[in-house]
Amino acid sequence: PGGYGVLGAALGFLVEAEDDLYMVRLLLDRDFETVYDLIVYKMDFSEQQWHEVDDIGGRAFLLAPAYFGASRAADECGMEKDSVYVPNAHKKCFEVCRVEEKGDIDVVNLIEAPDAKIGMWIMPTD
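Parameters and conventions
Residues numbered from 1 in each chain as written. Predicted model: local features only at pLDDT ≥ 70, side-chain atom pairs only at ≥ 80, totals over all residues. Heavy atoms only, no water. Pairing = 2+ DSSP bridges. Helix = DSSP H or I, 4+ residues; strand = E, 2+ residues; numbered from the N terminus. Axes fitted to C-alpha atoms, helices over the stretch in contact; angles between N-to-C directions. Core = buried A, V, L, I, M, F, W, Y, C linked by side-chain atoms within 4.5 Å. Buried < 20%, exposed > 50% of the residue type's maximum accessible area, 1.4 Å probe, protein only. Contact = heavy atoms within 4.5 Å.

**Q** Teacher, can you tell me more about the sheet that holds strand 6 (residues 68-73) here?
**A** The strands that make up a sheet pair up through hydrogen bonds in the backbone, lying either parallel or antiparallel. With mixed pairing, the five strands of this open sheet are ordered in space as 6-5-7-8-9. Two strands lie at the open edges of the sheet, namely strand 6 and strand 9 (105-109), each paired on one side alone. The average undirected angle you get between the axes of adjacent strands in this sheet is 20°. In the sheet, strand 5 (residues 59-64) pairs with strand 7 (residues 83-88) via three bridges, with the strands oriented parallel. Its bridge partner being in strand 7, Ala-60 is matched across the sheet by Ser-83.

Right, here's the structure in full:
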């Protein structure tokens, strides 16, 4: 895996969750696809300033690079609390990044997934 100071990139996402606004920064390795770390910030509107946080209120964030970021109550959909999910269509997998445990990332392979250039999530409607 990568590490700080390697050639790579960062992607930023804004995610709304129950009247709070978060910014997720994914740090990508030199292949520009593999997430090696993330940082999550929450907007403090009283100070008009972002603050780094170690939890996202028991929610799961689902990101799709270049498309969107969404928030779901983790308990309601069987996902890990305080985690960020990121698809990687080229490698037929998705990554689960835990907000509190920086750099602790699980890769879930989707062997039977069709070939695709982009990864997306299908979100249930209430």
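Following the structure, the description resumes.
**Q** What is the right way to look at the nonpolar core in this model?
**A** Burial of nonpolar side chains together is a common tendency in soluble globular proteins. Counting 19 residues, the largest nonpolar core has Val-24, Leu-26, Val-40, Phe-61, Leu-63 and Val-84 as its most contacted members. Contributing elements (two or more residues each) for this core: strand 1 (9-17), strand 2 (20-28), strand 3 (35-44), strand 5 and strand 7. Here this core takes four residues from strand 2, the largest share from any one element. Leave out the neighbours within four places in its chain, and Val-84 touches Val-24, Leu-38, Phe-61, Leu-63, Glu-95, Val-96, Cys-97 and Val-99. Ala-64, Tyr-85, Phe-94 and Val-96 belong to the second largest nonpolar core, which has nine residues in total.

**Q** Would you mind showing me how to read the sheet that holds strand 1 here?
**A** Read across the sheet, four strands follow the order 1-2-3-4 without closing on themselves; strand pairing throughout is antiparallel. Edge positions in the sheet fall to strand 1 and strand 4 (49-52), since each of these pairs with one other strand and no more. Averaged over all pairs of adjacent strands, the angle between their axes in this sheet comes to 30°, without regard to strand direction. When strand 3 meets strand 4, the two strands line up antiparallel, connected through four bridges. By the bridge assignment for strand 4, Asp-44 is matched with Gln-49.

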